[in-house]
There are 2 protein chains.
Amino acid sequence: MDIIKPRTLSGFMELLPDKQIRFEKLVQILRDTYASYGFAPLDTPAIEDAQILLAKGGGETEKQIYRFTKGDSDLALRFDLTVPLAKYVALHCNELAFPFRRFQISKVYRGERAQRGRFREFYQADIDIIGDGKLDILNEAEIPAIIYKVFRGFGLSRFQIRVNNRKILSGFYDMLGLGDKSGDIMRTVDKLDKIGADKVKLILLEDCGLTEAQADEILRFIAIRGTNGEVLSALEGYLGKNELFDTGVAELKAVTANLAAFGVPEENFAVDLTIARGLDYYTGTVYETTLLDHPEIGSVCSGGRYDNLAGYYIEKQLPGVGISIGLTRLFYVLDEQDLLNPALPSAPADALVLPMTDDMAPAISLAETLRSFGLRVQLYGEQKKFKQKMAYANKLQVPFAVLLGEDEIAQGLCSLKNMATGEQQLLTPQEAAKVILDAVNADIPVILEK
Amino acid sequence: MDIIKPRTLSGFMELLPDKQIRFEKLVQILRDTYASYGFAPLDTPAIEDAQILLAKGGGETEKQIYRFTKGDSDLALRFDLTVPLAKYVALHCNELAFPFRRFQISKVYRGERAQRGRFREFYQADIDIIGDGKLDILNEAEIPAIIYKVFRGFGLSRFQIRVNNRKILSGFYDMLGLGDKSGDIMRTVDKLDKIGADKVKLILLEDCGLTEAQADEILRFIAIRGTNGEVLSALEGYLGKNELFDTGVAELKAVTANLAAFGVPEENFAVDLTIARGLDYYTGTVYETTLLDHPEIGSVCSGGRYDNLAGYYIEKQLPGVGISIGLTRLFYVLDEQDLLNPALPSAPADALVLPMTDDMAPAISLAETLRSFGLRVQLYGEQKKFKQKMAYANKLQVPFAVLLGEDEIAQGLCSLKNMATGEQQLLTPQEAAKVILDAVNADIPVILEK
């Protein structure tokens, strides 16, 4: 037979089992956290009608999209989860209950130029809350709590959820008579972290056509720093001049007011007037999340409030708020920088049962008993020497091996070996299950230090 | 703005939330059951090099595959999970520990002619155990236990796992001097359930060129019925004439010997000499699973033992055993025939917290307390009338609403309303959590009747 050399396309992540198990654990944490806030899972097709996906059209999307025909159909792979959501809500709006909360953790496709750490197929993990015409600010206030729970769940502590409100920025530019330029200004200011204040000023002057005074006023404004209380106080000084600005401040206060009730510590949250998010799409609260020790990674969870989810597909006004985590890239970066919590599981089983007798029935029963406690148990049936069996257990990184020979069977016991310590105990199957459960069910401890 | 009419492509399943939640529950059961037997999750790209996916090539696959170019690349969407597994194992064989057990629950793509109940994008839920050169029969014996656990987990009881061994069939045809025709004969016999014995005989005579005596001998053989013990006894009569046959019988005995230890009841398992599976690929044990009250659905979980997983990609001999569940079609059929267990969850939350005060902090804290018990809790923040809030709770089908007004807050209590019974209790948040947990964490009861 002719052999074809196997390969995986570049830009497509394919993990070895130990890493895949860790990746799946993060997905499970996301799924559980999103569900715990009442978000329903959604699963839209990866292939859609190209016309529908490209309703907004233009720019990078059009270039990067995987588009192809099958028969007469002009098809494309989704490039994000927002457009399919808009289509879904528009299509089913008479059947959905609003507010409609959905999460979707799915792969999206962008045929970008391949480069290290950039993926052409990657997971997005999104939540959105969609209202029918109206949506209470409480939904915007809840988002930081969800972000907080997710990243704590990942075993991280040194992260910060940075929040701003686009109405404050738009209102402020209005005050300066720059309302028509607010989009350009926001996109410029958004680069502050990357390019610094001097370059931002230069672009404001040269490209946006602002006066020196206007640019300075803006730089002074976005330089407002301090605790959440201090920043909110500083904003009070600008109140009463612009309605939009005042609404934005009121919303920002509402978002910050209940952080304690939501269980979000002050240290993981910051009001940050420099956050704008590039997209014109956002109209209210905006979110970014940074790893404090790795600001170079950029935002690992972003989103915001928008007013019109599905304007391309339906007349109905559908406001919403949502966030997105680029999970594949996040995993890649955390792994590369050795920031994955070492307590994340990496073995496919909690225990490997090693039968030492010809009759397999006792080992099978033992494995089933351990499984009945909710454990992941592999039964090893290969006819190999003991040393090879232990080498396999080590290669799989299973935390426990359970040995079952004639002696153990005669006593109704099993030998539980802790693979890390080498310690071996003679226990009943129930006792062994308990020891394993205690070891594997511990919560992932949070890394508090850099 | 121009409106583009939203639509979802035909042949692509897109569910409303209540059904999606049930679908996800089935996926979760599959994931947990597969993991409980020590299978590692695998996630290969949906897009692969077309040359690699089509290494085997030919026939329906070539016609149905979604194939397209991007830049210079000749790409295609996976049409099953076996070919990507073969590629993965061939590519990473020096890094994997063998036996390598993996599960993958992913979408695959086939551009079939659209028809009711046929999908172009559908989930397959596969497990495979791959050996390096050798693989013990115990792995084949374990598969029925996993199938049993999955379908019981789905809340079904009236199903049967039918098992045979291709070596028995091949050996038997050898005995009749029909070794060179065994592939054709097996494919014909495999149709017995669908077309009946008379038509099978006709094809054996006319298309396969068998003699009347040979055809009768085969029909007599596949007519062997009875309990597992009876069928195995009947096979004893043929022993000693053909080595392959004898090996097949020994393997079949090994697979059935430990059913009790694996916890598989006799009623859910049958040795069935008519099962052959069409594919030449299988060389040993083969599995099919039928719903006893709906044989017209055909097999809902099939697979078998094979000797050469990755021959197209690598010289190394990689034997394995695996099964596949076509989950999208299974879900569609179960739903259509009203066979989905009514106890499967359909609400996005276990409880909806309804604040009755302007200050949201107490309701937020209450929701967080309930979540800390592992419950899925939605906080309802919209400014609506009480009646509208209850209508929303009803539309979501949440089992409980939790009302929190001034009176409850003053007492440190909350009002827990059971949405099904209308019963309302004044409880501490901890007591309320306990009541909700007891109601939602009950195992899915198995449907025992038709």
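Residue indices begin from 1 for each chain and proceed along its sequence in written order. Labels are handed out in written order, letters beginning with A for the chains and numbers beginning with 1 for the ligands. Local features in a predicted model are, by the rule used here, given only for residues with pLDDT of at least 70; side-chain atom pairs are given and counted only at 80 or more, and totals for whole chains, interfaces and linings are based on all residues.

Enquirer: Is there a simple way to explain the overall build of chain A in this structure?
Expert: Scanning chain A from terminus to terminus reveals 17 helices and 16 strands. Projecting the C-alpha coordinates of chain A onto the three principal axes gives extents of approximately 90 × 60 × 45 Å. Exposure classification rests on a simple neighbour count of other C-beta atoms within 10 Å of a residue's own: a residue reaching 20 or more is buried, one at 12 or fewer is exposed, and one in between is partly exposed. C-beta atoms are placed from the backbone. When the 450 residues of chain A are sorted by exposure, 48% land in the buried category. Helix and strand labels come from DSSP, where a helix needs a run of H or I of at least four residues and a strand needs a run of E of at least two; each type is numbered from the N terminus.

Enquirer: What is the right way to read the interface of chain A and chain B from this model?
Expert: A common way to report how large an interface is uses the accessible area buried once the components associate. In this complex, chain A contributes 78 residues to the contact, which on the side of chain B involves 78 residues. If you tally residues by element for the side of chain A that touches chain B, the top one is helix 1 (residues 17–36) of chain A, at six residues. Here the residues of the side of chain A that touches chain B sort into 42 nonpolar, 16 polar and 20 charged. A pair of residues counts as a contact when their C-beta atoms, built from backbone coordinates, are within 7 Å of each other. Classes in brief: Ala, Val, Leu, Ile, Met, Phe, Trp, Tyr, Cys and Pro nonpolar; Asp, Glu, Lys and Arg charged; the others, Gly included, polar.

Enquirer: Which parts of the structure should I look at to understand the relation of the copies chain A and chain B?
Expert: Between the two copies of this chain, the relationship is a rotation about some axis together with a displacement along it. Its rotation angle being 180°, the transformation that places chain A on chain B also includes 0.0 Å of axial translation and leaves an RMSD of 0.0 Å. Overall, the copies show the geometry of a two-fold rotation axis. Across chain A, the smallest distance between a C-alpha and the rotation axis is recorded for Phe68 of chain A, namely 3.0 Å. Of the residues that chain A buries at the interface, 100% are likewise interface residues in chain B, meaning the two copies contact each other through the same surface. For the least-squares superposition of copies, only C-alpha atoms count, and only for residues with pLDDT at least 70 in both.

Enquirer: Is there a simple way to explain the domain arrangement of chain A in this structure?
Expert: All names here are of chain A. Per the domain assignment, the segments of chain A are domain 1 (12–154 + 308–346), domain 2 (159–292) and domain 3 (351–440). Note that the domain bounds were set by an automatic or database domain assignment. A separation of 26 Å is found between the C-alpha centroids of domain 1 and domain 2. The partner domain 2 presents 17 residues to the twelve residues of domain 1 that form the contact. Secondary-structure elements contributing two or more residues to the side of domain 1 that touches domain 2 are helix 5 (137–153) and strand 11 (320–326). Here the side of domain 1 that touches domain 2 gets ten residues from one element, more than from any other, and that element is helix 5.

Enquirer: Help me out: how do you make sense of the packing of helix 6 (residues 166–175) of chain B against helix 7 (residues 182–189) of chain B in this one?
Expert: Residues and elements named next belong to chain B. Angles run from 0 to 180 degrees between N-to-C directions of axes, and those axes are lines fitted to C-alpha atoms, restricted for helices to the stretch in contact. Two numbers describe how helix 6 lies on helix 7: the axes approach to 10 Å, and their chain directions differ by 120°. Here helix 7 runs oblique to helix 6, going by the angle between their axes. Handedness of the helix 6/helix 7 crossing: right-handed. Contacts from Leu169, Ser170 and Tyr173 in helix 6 reach Ser182, Ile185 and Met186 in helix 7. A per-class count over the contact of helix 6 with helix 7 returns four nonpolar, two polar and no charged. Convention used here: angles under 35 degrees read as roughly parallel, angles over 145 as roughly antiparallel, angles from 65 to 115 as roughly perpendicular, and any remaining angle as oblique. Here a crossing is taken to be left-handed if its near helix is turned anticlockwise relative to the far helix by less than a right angle, and right-handed if that turn runs clockwise.

Enquirer: Explain the environment of Gly155 of chain A here, please?
Expert: Residue and element names in this part refer to chain A. Relative to the assigned elements, Gly155 resides in the loop between helix 5 and strand 7 (159–165). In this structure Gly155 comes out as buried when scored by C-beta crowding, with 21 C-beta atoms within 10 Å. In the structure, Gly155 is positioned 21 residues away from Leu176 in sequence and 44 Å away in space, judged by C-alpha atoms.

Enquirer: Would you mind showing me how to read the sheet that holds strand 14 (residues 400–404) of chain B here?
Expert: Within a sheet, neighbouring strands are paired by backbone hydrogen bonds and run either parallel or antiparallel to one another. Residues and elements named next belong to chain B. Any two strands are treated as partners once DSSP identifies two or more bridges connecting them. Overall, mixed pairing links the five strands, which are arranged 13-12-14-15-16 in an open sheet. Each having just a single partner strand, strand 13 (377–379) and strand 16 (424–427) make up the two edges of the open sheet. In this sheet, adjacent strand axes meet at a mean angle of 25° when their direction is disregarded. Two elements, strand 14 and strand 15 (residues 414–418), share four bridges in a ladder whose sense is antiparallel.

Enquirer: Explain the pairing of strand 5 (residues 100–109) of chain B here, please?
Expert: In regular strands, side chains alternate between the two faces of the sheet. All names here are of chain B. Among the ten residues in strand 5, nine count as buried, and that is most of the element. By the bridge criterion, ten bridges tie strand 5 to strand 6 (residues 121–130) in an arrangement that is antiparallel. From the neighbouring strand, Phe100 faces strand 6, where its bridge partner is Ile130.

Enquirer: Before we go on, may I ask you to explain helix 11 (residues 243–257) of chain A in this structure?
Expert: Because each turn of an α-helix spans 3.6 residues, side chains separated by three or four positions in sequence point in the same direction. All names here are of chain A. For a helix, the expected span equals 1.5 Å multiplied by the residue count minus one. With 15 residues, helix 11 extends 21 Å between its outermost C-alpha atoms, agreeing within 8% with the 21 Å of an ideal straight helix rising 1.5 Å per residue. For helix 11, every residue scored as buried is listed here: Phe245, Gly248, Glu251, Leu252, Val255 and Thr256. The arc that holds the buried residues of helix 11, viewed along the axis, is 130°, so those residues lie on one side. Each C-beta atom gives one direction from the helix axis, and the arc is the one those directions make.

Enquirer: Please explain the pairing of strand 11 of chain A as it appears in this structure.
Expert: All names here are of chain A. Among the seven residues in strand 11, seven count as buried, and that is most of the element. Every second residue of strand 11 is oriented toward a common face, with Gly320, Gly322, Ser324 and Gly326 on one face and Val321, Ile323 and Ile325 on the other, all of them buried. As defined by bridge partners, strand 6 (residues 121–130) adjoins strand 11 across seven bridges and the pair is classed as antiparallel. Directly across from Asp126, in strand 11, lies its bridge partner Ser324. Examined bridge by bridge, strand 10 (residues 302–306) and strand 11 share five bridges and lie antiparallel to one another. Across the sheet, Ser302 pairs through a bridge with Ser324, a residue of strand 11.

Enquirer: Any chance you could explain unusual backbone geometry here in plain terms?
Expert: With the exception of glycine, most residues fall at negative phi, and the peptide bonds are largely trans. In this structure, the amide linkage connecting Phe98 of chain A to the following residue, Pro99 of chain A, adopts the cis form with an omega of 0°. Structurally, Pro99 of chain A is set in the loop between helix 4 (82–91) and strand 5 (100–109). Non-glycine residue Asp338 of chain B carries a positive phi angle of around 60°. If you trace the backbone, Asp338 of chain B turns up in the loop between helix 13 (327–336) and strand 12 (351–355). You will see that Gln397 of chain B, though not glycine, has its phi angle at about 65°, which is positive. With 17 C-beta atoms packed within 10 Å, Gln397 of chain B lands in the partly exposed category.

Enquirer: I tried to follow the confidence of the model for chain A on my own but got confused; where do I start?
Expert: Parts of the model with low pLDDT should not have their predicted coordinates read in detail. For every residue, the pLDDT score states the predictor's confidence, bounded by 0 at the bottom and 100 at the top. When pLDDT is averaged along chain A, the result is 94, and 98% of the positions lie at 70 or above. Complex prediction metrics read pTM 0.96 and ipTM 0.95.

Enquirer: What is the right way to look at the nonpolar core in this model?
Expert: As a rule of thumb, soluble globular proteins bury nonpolar side chains together. Core analysis: the largest hydrophobic core is formed by 271 residues, its most contacted members being Ala351, Val353 and Val402 of chain A together with Ala351, Val353 and Val402 of chain B. When residues no more than four places from it in sequence are discounted, the contact partners of Val402 of chain A are Ala351, Val353, Leu354, Leu366, Cys414, Ser415, Leu416 and Ala432 of chain A. Each nonpolar core reported here comprises buried Ala, Val, Leu, Ile, Met, Phe, Trp, Tyr and Cys residues connected via C-beta atoms within 7 Å.

Enquirer: How should I be thinking about the packing of helix 5 of chain A against helix 11 of chain A in this particular structure?
Expert: A pair of packed helices is characterised by two quantities: the angle between their axes and the separation of those axes. All names here are of chain A. Between helix 5 and helix 11, whose axes approach to 8 Å, the crossing angle comes to 50°. Compared by their axis directions, helix 5 and helix 11 come out oblique. The two elements helix 5 and helix 11 cross, and the hand of that crossing is right-handed. Packed against helix 5, whose contacting residues are Ile137, Glu140 and Ala141, the element helix 11 presents Glu251, Ala254 and Val255 at the interface.

Enquirer: Before we go on, may I ask you to explain helix 17 (residues 429–440) of chain B in this structure?
Expert: Helix length check: helix 17 of chain B, at twelve residues, gives a terminal C-alpha distance of 16 Å against a target of 16 Å (1.5 Å per residue), a fit within 8%. Where helix 17 of chain B is buried, its residues meet strand 12, helix 14 (361–371), strand 14, strand 15 and strand 16 of chain B.

Enquirer: What should I look at first to understand the sheet that holds strand 2 (residues 47–49) of chain A in this one?
Expert: Residue and element names in this part refer to chain A. Pairing is antiparallel in the open sheet, where three strands are placed in the order 2-4-3. On the outer flanks of this sheet lie strand 2 and strand 3 (67–70), each paired with one strand and no other. Within this sheet the neighbouring strands show an average axis-to-axis angle of 40°, counted without direction. Sheet topology places strand 3 next to strand 4 (residues 73–77); four bridges connect them, and they run antiparallel. Bridging across to strand 4, Thr69 finds its partner in Asp74.

Enquirer: Looking at this structure, I do not really get the environment of Glu406 of chain A. What am I missing?
Expert: Residues and elements named next belong to chain A. Position of Glu406 among the secondary structure elements: in helix 16 (residues 406–411). Looking at Glu406, the number of C-beta atoms within 10 Å reads 11, which means it is exposed. Each C-alpha atom of the pair Glu406 and Leu178 lies 85 Å from the other, and the pair is 228 residues apart in sequence.

Enquirer: What am I meant to see in the environment of Arg67 of chain B here?
Expert: Residue and element names in this part refer to chain B. Relative to the helices and strands, Arg67 is located in strand 3 (residues 67–70). Judged by the 16 C-beta atoms lying within 10 Å of it, Arg67 falls in the partly exposed class. In sequence terms Arg67 and Glu212 are 145 residues apart; their C-alpha atoms lie 47 Å from each other. Those residues within four positions of Arg67 in sequence are excluded, and the remaining contacts are Ala50 and Ala76.

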